[in-house]
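Listed below are the residues making up each chain.
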Amino acid sequence: MQRLAITLVAVAVTLAACSDPSSDADNEATATTAATVAPDAAGIDDDLGDEATSLEIAAEPRTFGPAPEAPDGPLDPALVDAARVVIAQREIEQRFDANTDEALATIGASGDPRMAWWLTDLLRVTASRETATAIAGAFEALTGVTIEPFTGWPDAVDHLIAWDVPAPPEYLELKRPLYLSIDQRWQPLMPDDSAIDWRLVSWGGVLVDDRPYGETDSPCDCIPAADDPAVTDAATGDEWLEDDTVVFGIEIDGKARAYPRSIMEVREMVNDTLGGRDFAMPYCTLCGSSQVFFTDGADGFERPVMRTSGLLSRSNKVMYDVRTNSVFDTFLGAAVSGPLWEAGVVLPQHSVIVTTWAEWKADHPDTTVLAIEEALGRPDSDLRNTRDADGPIFPIGEVDDRMPVQASVLGVVAPDGTPIAFDAAQARKALEQGDTVSTLGISLVLDGGGLRAVDVDGNDVPSHEAFWFAWSQFHPQTDLWPES
């Protein structure tokens, strides 16, 4: 019965989060974000050549209005008490009553917009339309922004991120029980001491994958990672892969392997070994980002084994090491909680090539490829052209408007530490025409039909493709090639 209740909540809230967020049309322009791109833009077709269409999509401003003034200092004890009333009702009865309505009214009338963060958390885990309406009313009272009660959660959080409203004191203490009401297994992933900005952490609508290493054949109510996945040779891959199937190619110490995007959409996380190196390979479908992090060099620790937590940070999946419960910034590879954070672990990255099956195997004829059974019956998954085709479905706040929000970029960090985003479509076109693509000591070359970054001596520099909104928000001072 408990699992059924959790599943129903997950379905209801996921549907709400996937709806198009609406903004307050009366707000004055004080911040901008790139507009959602059209479904056929930004390289979302399997033909990588279609990425050139992203260049024609203009970024349009989105307005968030003036930020409400937030006080300093501790919360009014009455607000903490009101929040605890709501939490107690949810924990004890799994429902809300008149006491809840009164508590929400108290929060809304407080004039402390810091509590709006907690209201959005409550809205995220609420399946009751009546209660969602009360939450939306309290949010409007605190911020002046009107949101749709059951579909307005992304819009509410977008405003708070864009305004950079501070978190209330005792925020995690109030947020944690709401999330644990969905999945108690998040407890070790929500410690008091960490480098996590809890304002930006939200529920992705799925539960945690906590299966031990080597047990990924067992079923789970989660996005199922794959440990040491089955692979085949290229000839066997030809039996089910089309020439234009998009794959993520990696090469380590002369050994090549292709990871079909369709399988990575199903798994989203692979722990694998190639060329004598252990690595984790997360794929964030929401960010269009497949990365490789070496996991065989965490001194003093057993090899970290990455899993999908079911949580997000600015639309980026939050991964964690199932052995130590250390949470990682998935985009940067840095531990942000747990023993690995305390040890200062940052996982080294390796390049990932986005290309087609035909082009990859032509340049790497001895490549291996994930076996079709790793798709778990979904070898034709295509979230990029369906669910994710119309832009981000989770909150991201303000976005750098130099490029369309979902334009594909190849991201790399230069030797001097400067992050660079290469427009993938323009770079690929330039290289195919024989032109040079280079800046700040980094040049791009074609590898298996995809893009790879090298330094002035021709050595590989870790790089990966991602949507522009993702790269630019995790590297806010990024350079852009070509300059806008």
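You'll find the structure just up there.
Residues numbered from 1 in each chain as written. Predicted model: local features only at pLDDT ≥ 70, side-chain atom pairs only at ≥ 80, totals over all residues. Heavy atoms only, no water.

J.: Even after reading the chapter, I still don't get the state of the cysteines, so can you show me in this structure?
T.: Each disulfide is one covalent bond, formed between the sulfur atoms of two cysteines. For the coordinates displayed, the defined rule picks out 1 disulfide. Disulfide pairing is shown between C220 and C222; the S-S distance is 1.8 Å. Between C220 and C222, the S-S torsion sits near -80°, and that sign places the bridge as left-handed. A residue is classified by how much of its surface remains accessible, and C222, at 13% relative accessible area, is buried. Lacking any disulfide linkage, C284 is separated from the closest cysteine sulfur, that of C287, by 3.6 Å. For C284, a relative accessible area of 3% gives the class buried. (Disulfide = S-S within 2.5 Å. Buried < 20%, exposed > 50% of the residue type's maximum accessible area, 1.4 Å probe, protein only.)

J.: Any chance you could explain the pattern of salt bridges here in plain terms?
T.: Oppositely charged side chains can form a pair if their charged atoms are brought close together. Applying the stated rule across the entire model yields 25 salt bridges. With its nearest N and O atoms 3.8 Å apart, the salt bridge here joins D278 to R303. In this pair, D278 sits in strand 7 (residues 277-284) while R303 sits in the loop between strand 9 (292-294) and strand 10 (306-313), placing the two residues 25 residues apart along the sequence. Both residues of the pair, D278 and R303, belong to the buried class. Through salt bridges that share partners, D209, R211, D227 and R307 make up one connected network. (Salt bridge = Lys/Arg side-chain N within 4 Å of Asp/Glu carboxyl O. Helix = DSSP H or I, 4+ residues; strand = E, 2+ residues; numbered from the N terminus.)

J.: How should I be thinking about unusual backbone geometry in this particular structure?
T.: Leave glycine aside and you will find that most residues have negative phi; peptide bonds, for their part, are mostly trans. Along the chain, W481 connects to P482 via a cis peptide bond; the corresponding omega equals -10°. With a phi close to 60°, D164 is a non-glycine residue in the positive phi region. Its place among the elements puts D164 in the loop between helix 6 (153-163) and helix 7 (171-180). Residue class for D164 comes out partly exposed when judged on its relative accessible area of 48%. Although it is not a glycine, D253 adopts a positive phi angle of roughly 50°. Mapped onto the fold, D253 is located in the loop between strand 4 (246-252) and strand 5 (255-260). Among the residues examined, D253 registers a relative accessible area of 67% and is labelled exposed.

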